[in-house]
Structure formats: structure tokens, C-alpha cells
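Architecture and fold: a report
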Amino acid sequence: MATDVMIQANGLTKRFGVVRALDKVNFDVKRGEVVGFLGPNGAGKSTTMRILTCFISPSTGSAKVNGHDVFDNPLEVRKSIGYLPQRAPLYTDMTVWEYLKFAAEIRGLDETAFKKRLKKVVEVCGLAQSLGKDISTLSHGYRQRVGLGQALIHDPPILILDEPTSDLDPNEKAEVLRYIKEIGKDRTILLSTHNLAEVEEACARAIIVSKGRVVADGPLDEIRGKTGRVRYVVAIDEQRAEASNKPPAAAQAQEALERLSGVKSVRELPTDEKAHKFELSGSQDSDIRAEIFRLMVAKGWTLLELRRDAQSLDAVFRDLTRGDEKLDRGAGWAAAEDEEEDDDEDDKPAAATDEDEDEDESEDDEDDEDDKPKGKS
Amino acid sequence: MSPMLIIAKREFRSYFDSPIAYIVICLSFFALGLMFFFLNGGFWQLDRASVSRLFESAPMGLSFLVVPVVTMRLLAEERRSGTLEMLITLPVKDSDVVLGKYLGALGLVLILVLSTLAYPLVMFKFPWNLGPLDGGPVASGYLGMVLFSCAAVAIGLLISALTDSQAVAFFITFFVLGALWLFGDLASKAADYPTFAAVLNYVSFQSRLSNFWRGLVDSPTWSFSLPSPCSR
């Protein structure tokens, strides 16, 4: 395996009693990658991060950080990471400066190195005004900054940030994200968040977890294309029609729309207007707005609204993590881009959950150019 | 500086950053003064150049109040507030964390213990000289008290590691140390059952320490344990 794989999770499983918090999680993060780690609450994001930082150990599976095994060599692992836990727990009886100094001392930074890094960290995290303040007097946002500062103080090659921006205001967020992007060029950053806009801004790649499994892993564009569908919204006037034509009944209109080529499903939407409103889903590589328009003209119906939405990352996220079991696809999508590296490991979980996949999913594969579709028939 | 000492330093300082150190020290001295001069007739009625009263009462105060208060927060608070996660994920060994915290807390307790040196010094050296004080038992008494503090803090740290509630940690430590102390009294009442009394005497801090008060330092009778609590 290439040496520039900085974080490698291999079949991580964590059980808390009977609850399976993580189920065979596999992924790799290479040097210079900024990876967004997404998932609903309780999906296993923090658990994964805690395993990678050697705070807890996995029930089975292994992980390597910077080439060191988290189980065999936790000290080396911890040396090479900067970690910001969720909600930035800090010693509230210390001042900001004392706290940063404490972290730096434990990390073995000497006085001059500390001063140099402190300058940078203060600048990035915006701590200049609060260095002398007690942490207990700081607001949540500022505590988060201090936590971030603590993670950056030794200029680590790997940063693991658990919701680094959750309590920050929009300006602070932008600044932190800008910095993450900047340092992400030659470092490895794994950051978890609920905020998809942040991922789109700072990360080139995302890993989506749901119920302890990786449900999607890849460059953002690829993930956006995962569901491979585009949404159309069509509204047709239910009272007026052109010339001598009659306005359509809902069923009639739906049937006509369904018959269009390229339409995968039609669903009636509730609406306040005196109109029939439908949601159509079509595949991403075609545009059927013209066909819809021609249909309206041919039937003489009045088209009130026609709109095409690209599936946003948001929608993909909701789709993938909706929580029904059939979406638990194991690590099936994982490593579409790392295929040379870890084919075997990724195949197994996907094959195991293969039966669960239904027609809903089989559509997606049409768009998977690089057909390494894990065991999908 | 090694991570262990850095943690110890932080822990020690944090006592003085909060009111806890000041309150513990002030109230302990107040209580010790009351016990020394007034309890059971007090020092003056005893009419002897001896500070053994000090050694009899101080460990009780340590057991019942000082050590539980000082150690209850050590790990319990870190768990509750989540700072343990931050601490553990720094490049430190678990043993560094445990020993660092142990030394930090022990430092505060020892400051308290050693400040009671004022009693023998002020009363029998300068400015007053109330009588010829036998230095041997005083020295061995302090040795005993220091060792007792080491053991009590270790027990308190262990208990603090088992819970994430400071109150629970306080009460269990209070109970365990108190019981270990009072077993000595119990042993003297259980004379009818020599084996039982021997067991009680064996585990009782009081029975162990009383030798030190008399100036008897016999190493085999002293065993104290360093627990190695894991974070989980």
C-alpha cells in the first residue's frame, strides 16, 4: 500500500453492548486530502474518530494513522494528529494562553517553537483578544476556537476535527474553512459535520456514514451523481385549457407524463393552487423539459410551472441516510476511486448485503462509469 | 519536562485556581486546632511535651474530609466534562495521566500535612519552648502521615476513576477511608474473635499508624497500594 495513505480504517466494528455503533467501516484517506465525514446523529462519526485518535478501541478491525497502528502504537498516532473532540471540552479553570501552553508542553514543543506556532494559531483562530481570559468566561464559539487552536498548535500532519464549526458564527466558519482548505494542501484532514454547505466548500471528497456503515465514499461530484436522478416539477392548470381542449384530470395528466420517455416515476405533489402538481424523476444525463413542453402543447393543457433541479448533496445525503435498512449497503460504494488499493476488503461487506438492494438502487449503477460495482448484478 | 510532571503541575495549579485549595487548607487548620486543643480535654490537660495528639487527629480529618474532597474531582470531573477525551488523545501514556493526577493531588495534601509542622516547631522550638520534645516519634509520626496520605490519595484516585460523578466519588472515598480508619476501633472491641480482630487490625490505617506515633517504623507492617485505574 502506498505510503501516502495517512488514515486507513480496515473493517472497524465497534459494539456497545448489543448496539453496533460501527459495522465494518473501511476507508482510506491520503495525504493532502480534505475529507468530509458526513452522517446523521448517531451514525458513528464520533465513534470512528475516537477510534482513530486511540480514545477507544474497536471491537474488531484495525486502523492505521500515519502508518502506525492505533492499537499497537497509540503514542505515535497521537503525536501525528491534532484532534478536536465534539463540543471542544476544555479545562475551564485555565486561561486560553495557559491551555495552549499546556497542550504545547505535552506535545513537547519548546518555548521558541511554541511562540512561533502560537502566533499562527492566534491569527487563524482569532484568539488575540481572548488569550488572557479564563476559558470558563468564553462563549461556545470561542471555546471551539480554543479547541481548534489546541489541535493546530503542533502543526500536525493529520487533523481530525469532530464538528469543528458547529458553534461558530458564519464569519468564523468561513475563516476556519478557508484555513482548512489552505493547510489541507499538504496535510490530511478528516472533518465531520452536519453542514453540507461546509463540505461543499472545503472538501473534495466525502464519506457518508449511516447506522455505522459507510454508504457513500468518493469525490463530491461522484456522490452527487450517486442517485443519478434529476427532479422535475410540473404544474398543470386544472381549470383552464387552450382552445377547445378540456383541462386534464389528475390521473389523466399523470398517465401522460408517465408515458414520456426518460421519466422514471411521477408523483403528485400537494399544492394550494388550482393546479395539478407532479414531481417527476428522470436520469441525470438527459433533459426532458422539452418533451414535457411539447406534451402540453399537443394536449392543449396550460403549463403553469416547469422546473428541473439537479440533485443536491443535501438530497443525496437525505436519500442515503434515510435510515431504512435497504439503504444499508455496507461499504459498497467505498473506494470506487481507490479500487487498485483495497478491492478485497470492500467487496466482502457489499456482497454480504447484496440481497438487500432493490430496484431503487439498481438504477444508480447505470451512472457508475468506473464499473467496479461491488457485487451488484 | 515529562508529560507526567506537566499534568501534575496543571492539576496542582488548578486547585489554587479554584477556591477549593484555600477552603480545604483554611478549614482543615481550623478543625485541627479545635481537635488539638479542645477535644478530649485538649492539649493542655494532657500536660505532656508530645504532639502525638496531632497524629491521632490529623489522619481522621484527612480521611473524612480532605482526601475525599481533593481526589473526588481528579478523574470524575474529566469524564463528566469530556476533557478526558482531550487529555487522553494528547500523546501521553495512560500511566502519565494517572501518575500526574496522583502527584498533583498528593502535592496539595502534603502541603497541608507538612504545614502542621508548625505545631511542634512553634510550641517546642521557637518562639515558645514548652518542654523537651522527643524528636524521634515526631519524625516517625510525620513519616507515617506522609505515607498515609500517599495511600489515601491513591484510593481516592481509584474511586474517582470509577465514576463520573464527583458526589459519588466523594461519598465512596469518604466511606472507604473512614471504614479503613475505624476498623482499628472495631478491632479493639472484637477481642473475643482474635482472627477477626487480627484481620481488622491488618487493614486498619489506625492500627498501622499508631506504631508510627510511638516511634516504631517497621516496614513490613506498612503496605500501600498504587492503584492503576484505567480510563475505561
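Residues numbered from 1 in each chain as written. Chains lettered and ligands numbered in written order. Predicted model: local features only at pLDDT ≥ 70, side-chain atom pairs only at ≥ 80, totals over all residues. Heavy atoms only, no water.

Considerations on the overall build of chain B
Within chain B, the regular secondary structure consists of 12 helices and zero strands. Relative to its length of 232 residues, chain B is compact, with a C-alpha radius of gyration of 19 Å against a globular reference of 17 Å. The principal-axis extents of the C-alpha atoms in chain B amount to approximately 55 × 50 × 30 Å. Once local pairs closer than 6 in sequence are excluded, the contacts in chain B between residues at least 24 apart make up 76%. Of the roughly 11000 Å² of accessible surface on chain B, 69% is carried by carbon and sulfur atoms. (Helix = DSSP H or I, 4+ residues; strand = E, 2+ residues; numbered from the N terminus. Rg over C-alpha atoms; globule rule 2.2 N^0.38 Å. Contact = heavy atoms within 4.5 Å. Areas by Shrake-Rupley, 256 points an atom, 1.4 Å probe, with all protein chains shown as cover.)

Structural notes on the overall build of chain A
On a plain count of helices and strands, chain A comes out with 13 helices and 14 strands. A buried classification covers 54% of the 377 residues belonging to chain A. (Buried < 20%, exposed > 50% of the residue type's maximum accessible area, 1.4 Å probe, protein only.)

Some words on the packing of aromatic side chains
Residues and elements named next belong to chain B. Taken as a whole and judged by the stated rule, the model has 17 aromatic pairs over all chains. With 5.7 Å between their ring centres and 85° between their planes, phenylalanine 16 and tyrosine 22 make a pair best called edge-to-face. Since its relative accessible area comes to 26%, phenylalanine 16 is described here as partly exposed. Owing to a relative accessible area of 46%, tyrosine 22 belongs among the partly exposed residues under this scheme. Both rings, one in phenylalanine 148 and one in phenylalanine 205, keep their centres 4.8 Å apart while their planes meet at 85°; by these two values the pair is edge-to-face. In this pair, phenylalanine 148 sits in helix α9 (residues 135–162) while phenylalanine 205 sits in helix α12 (residues 205–213), placing the two residues 57 residues apart along the sequence. Each of the two residues, phenylalanine 148 as well as phenylalanine 205, counts as buried. (Phe/Tyr/Trp six-rings, centres within 6.5 Å; stacked < 30°, edge-to-face > 60°.)

Looking at the pairing of strand β2 (residues 19–30) of chain A
Residue and element names in this part refer to chain A. Sheet topology note: the strand β1 (residues 5–16)/β2 ladder contains eight bridges and is antiparallel. Paired with lysine 14 across the bridge in β2 is leucine 22. The hairpin formed by β1 and β2 contains two residues between the paired strands, and glycine 17 there has a positive phi angle of roughly 65°. (Pairing = 2+ DSSP bridges.)

So, the sheet that holds strand β7 (residues 158–162) of chain A
Residue and element names in this part refer to chain A. With mixed pairing, the six strands of this open sheet are ordered in space as β6-β7-β8-β3-β9-β10. Pairing within the sheet leaves two strands with one partner each, and these edge strands are β6 (81–84) and β10 (213–219). Averaged over all adjacent pairs, the angle separating strand axes in this sheet is 15°, with direction ignored. Sheet topology places β7 next to strand β8 (residues 188–193); five bridges connect them, and they run parallel. Bridged to isoleucine 158 within β8 is threonine 188. (Axes fitted to C-alpha atoms, helices over the stretch in contact; angles between N-to-C directions.)

Describing the interface of chain B and chain A
Contact residues are listed per partner, giving 22 residues for chain B and 23 residues for chain A. Summing the contributions of chain B and of chain A, the shared interface buries around 2300 Å²; its carbon and sulfur component is 65%. Contact with chain A buries area across many residues of chain B, yet B:Glu85, B:Met86 and B:Pro91 alone supply 30% of it, more than any other trio. Counting across the interface, chain B meets chain A through four salt bridges. Ionic pairing is found between B:Arg10 and A:Asp93, a salt bridge with its closest N-O pair at 3.7 Å. Counting every contact that joins chain B to chain A gives six residue pairs in polar contact (both at pLDDT 80 or more). Those elements that place two or more of their residues in the side of chain B that touches chain A are α1 (3–17), α5 (76–81) and α6 (83–88) of chain B. Ranked by residues supplied to the side of chain B that touches chain A, first place goes to α1(B) with seven residues. (Buried area = accessible area lost by both parts, 1.4 Å probe. Salt bridge = Lys/Arg side-chain N within 4 Å of Asp/Glu carboxyl O. Polar contact = N/O pair within 3.5 Å; in protein donor to acceptor, adjacent residues only side chain to side chain.)

A look at the packing of helix α4 (residues 52–71) of chain B against helix α7 (residues 94–115) of chain B
Residue and element names in this part refer to chain B. Packing of α4 against α7 brings their axes to within 9 Å, and their N-to-C directions diverge by 145°. The handedness of the crossing between α4 and α7 comes out as right-handed. The segment α4 lies against α7, with Leu62, Val66, Val67 and Val70 engaging Ala105, Leu108, Val109, Leu112 and Val113. Split by residue class, the contact of α4 with α7 holds nine nonpolar, no polar and no charged. (Left-handed = near helix turned anticlockwise from the far one by under 90°. Nonpolar A, V, L, I, M, F, W, Y, C, P; charged D, E, K, R; others polar.)

Considering the pattern of salt bridges
One pass over the structure, following the stated rule, counts 28 salt bridges over all chains. Linked through salt bridges whose partners overlap, the residues forming this network are A:Asp93, B:Arg10, B:Glu11, B:Arg73, B:Glu78 and B:Lys101.

Considering the environment of B:Phe183
Residue and element names in this part refer to chain B. Along the polypeptide, phenylalanine 183 turns up in helix α10 (residues 166–189). For phenylalanine 183, a relative accessible area of 26% puts it in the partly exposed group. For phenylalanine 183 and valine 203, which are 20 residues apart along the polypeptide, the C-alpha to C-alpha distance reads 7.5 Å.

Thoughts on the confidence of the model for chain A
Residues and elements named next belong to chain A. The pLDDT averaged across chain A works out to 79; a share of 83% of its residues lies at or above 70. Highest mean pLDDT in chain A belongs to helix α3 (residues 96–106) (94); lowest belongs to helix α12 (residues 343–352) (39). Taken as a whole, residues 324–377 scores under 50 in pLDDT and shows 89 contacts with residues more than four places along the chain or in a different chain. (pLDDT = per-residue confidence, 0-100.)

Looking at the sheet that holds strand β4 (residues 60–65) of chain A
Reading across from one edge, β2-β1-β4-β5 (chain A) is the order of the four strands in this open sheet, with antiparallel pairing throughout. Since the sheet does not close on itself, it has two edges, and those belong to β2 and β5 (68–69) of chain A, each with one partner.

With respect to the nonpolar core
Within the largest apolar cluster, 144 residues are counted, with the highest numbers of intra-cluster contacts made by A:Ile7, A:Phe27, A:Phe102, A:Leu152, A:Leu161, A:Leu190 and B:Leu62. Each residue touching A:Leu161, except ones within four places of it in the same chain, is listed here: A:Met49, A:Leu84, A:Leu148, A:Ala151, A:Ile180, A:Ile189, A:Leu190, A:Leu191 and A:Ser192. Listed in part, the 17 residues of the second largest apolar core include A:Val230, A:Val234, A:Leu280 and A:Ile288. (Core = buried A, V, L, I, M, F, W, Y, C linked by side-chain atoms within 4.5 Å.)

Brief notes about α10(B)
Residue and element names in this part refer to chain B. With 24 residues, α10 ought to run about 34 Å at 1.5 Å a step, and its terminal C-alpha atoms sit 34 Å apart, in line with that. Where α10 bends most, at phenylalanine 183, the angle is about 35°. For α10, the set of buried residues is Ala169, Phe170, Thr173, Leu177, Gly178, Leu180, Trp181, Gly184 and Ala187. Those residues of α10 hidden inside the fold are in contact with α4, α9, α11 (194–203) and α12. (Expected span 1.5 Å × (residues − 1). Bend = angle between axes of the 7 residues up to and from the residue.)

Some points on unusual backbone geometry
Residue and element names in this part refer to chain A. Positive phi, close to 50°, is recorded for lysine 24, a residue that is not glycine. If you trace the backbone, lysine 24 turns up in strand β2. A relative accessible area of 42% places lysine 24 in the partly exposed class. Look at glutamate 163: it is not a glycine, yet its phi comes out positive at around 50°. Topologically, glutamate 163 is positioned in the loop between β7 and α6 (170–183).

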